[in-house]
Amino acid sequence: MKKIAVYPGSFDPITNGHIDIAERASRVFDKLIVAVAKNPRKKPLFSIEERLQMIREALSHNKKITVESFDGLLVDFLKEKGVDVVIRGLRAVSDFDYEFQMDSLNRKLNPNIETFFMMTSESYFYISSQIVKEIASFGGSVKGLVPENVMKMLENKFKSTMEKK
Ligand code: ADP
């Protein structure tokens with residue numbers, strides 16, 4: 001039987017930290033679904049279409065990875081896909097509380113779900129979507145923090161918001 005895992009997140013936008021986790025997880029599982037949460041409440045910078053496109057471009061070389069969006073509860077998406085393994089990345093102790101809460105919640109909703117945590121590679125532990133957006137919003141370089149295609153998207157996004165001001 002093929003072992004499939006889901007790597008969920010907002011990916012607003014995808015960073016090299018996310019890519020590292022996705023690539024490493026894809027070596028362990030037969031297939032990895034990167035599941036992008038629509039999360040309108042989090043007021044994402046990039047639309048769901050933009051986020052999906054950026055991830056697809058950045059990971060297109062990896063045939064084991066597919067990218068999809070989901071709305072609502074992760075457990076419902078997992079059920080729809082017939083998957084019971086979730087991958088999450090851990091950067092620092094500060095990630096732990098939230099991840100522990102989410103895992104407990106998901107298992108309360110569906111006891112068959114197992115979350116596997118992967119430690120960030122040391123070169124990526126300080127990268128978050130939030131930091132990347134902050135740097136880009138002030139015109140700083142995000143080279144090495146995100147893939148090239150994401151760098152361009154960030155530049156365009158902040159160029160157009162600056163022009164509007
Ligand atoms: P969410 O909004 O669900 O927290 P994110 O898109 O911020 O989603 O992150 C998705 C997952 O990737 C989370 O498990 C997060 O801890 C992990 N992650 C984010 N940045 C990194 C990184 N630099 N290294 C490893 N894991 C990361």
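Given the structure is predicted, the values throughout are model-derived calculations rather than measurements. (Residues numbered from 1 in each chain as written. Predicted model: local features only at pLDDT ≥ 70, side-chain atom pairs only at ≥ 80, totals over all residues. Heavy atoms only, no water.)

Peer 1: Before we go on, may I ask you to explain unusual backbone geometry in this structure?
Peer 2: If a residue is not glycine, its phi is most likely negative; likewise, a peptide bond is most likely trans. Residue D12 is joined to P13 through a cis peptide bond whose omega torsion reads 0 degrees. Tracing the sequence through the fold places P13 in the loop between β1 (4–9) and α1 (16–28). Positive phi outside glycine occurs at F11, with the angle close to 50 degrees. For K43, which is not glycine, the phi torsion reads 45 degrees and is therefore positive. Checked against the element boundaries, K43 lands in the loop between β2 (31–37) and α2 (48–59). (Helix = DSSP H or I, 4+ residues; strand = E, 2+ residues; numbered from the N terminus.)

Peer 1: Can you walk me through the packing of aromatic side chains in this structure?
Peer 2: Think of a pair of aromatic rings as described by two things: how far the centres are apart, and how the planes are tilted against each other in angle. According to the stated counting rule, one finds 5 aromatic pairs in the structure shown. Judged by centre distance (6.2 Å) and plane angle (80 degrees), the ring pair of F29 and F116 falls under edge-to-face. Here the residue F29 occupies a position in the loop between α1 and β2, and F116 occupies one in strand β5 (residues 114–119), the gap between them amounting to 87 residues. On the accessibility criterion, F29 (8% relative accessible area) is buried. (Phe/Tyr/Trp six-rings, centres within 6.5 Å; stacked < 30°, edge-to-face > 60°. Buried < 20%, exposed > 50% of the residue type's maximum accessible area, 1.4 Å probe, protein only.)

Peer 1: Can you walk me through the site of the ligand in this structure?
Peer 2: Close to the ligand lie 17 residues; Y7, S10, K42, G89 and I127 are nearest. In this structure, an oxygen atom belonging to the ligand sits 2.9 Å away from a main-chain N or O atom of F11. Between the ligand and G89, the relevant distance is 2.6 Å, taken from an oxygen atom to a main-chain nitrogen or oxygen of the residue. Protein contact buries 90% of the 560 Å² of open area that the ligand shows by itself. Of all the cavities here, the one that holds the ligand is the largest pocket. Only β1, α1, β4 (85–90) and α4 (93–109) provide two or more residues apiece to the shell around the ligand. Considered class by class, the residues forming the shell around the ligand number 6 nonpolar, 6 polar and 5 charged. (Near = heavy atom within 4 Å. Polar contact = N/O pair within 3.5 Å; in protein donor to acceptor, adjacent residues only side chain to side chain. Areas by Shrake-Rupley, 256 points an atom, 1.4 Å probe, with all protein chains shown as cover. 1 Å grid on protein atoms, 1.4 Å probe; cavity = no way out; pocket = protein on both sides within 12 Å on 5 of 7 lines; lining within 4 Å. Sits in = over half its atoms within 2 Å of the grid points. Nonpolar A, V, L, I, M, F, W, Y, C, P; charged D, E, K, R; others polar.)

Peer 1: Looking at this structure, I do not really get the pairing of β2. What am I missing?
Peer 2: Residues in a regular strand point their side chains to alternate faces of the sheet. Of all 7 residues in β2, 6 are buried; the element is thus mostly enclosed. Here β1 pairs with β2 via 6 bridges, running parallel. Counterpart to A5 in the pairing with β2 is L32. With α1 bridging β1 and its parallel neighbour β2, the resulting β-α-β unit is right-handed. Where β2 meets strand β3 (residues 65–70), 6 bridges bridge the pair, whose relative direction is parallel. If you follow I33 over to β3, its bridge partner there is T66. For the handedness criterion, the β-α-β arrangement of β2, α2 and β3 is classed as right-handed. (Pairing = 2+ DSSP bridges. Right-handed = clockwise from strand over helix to strand, strands pointing away.)

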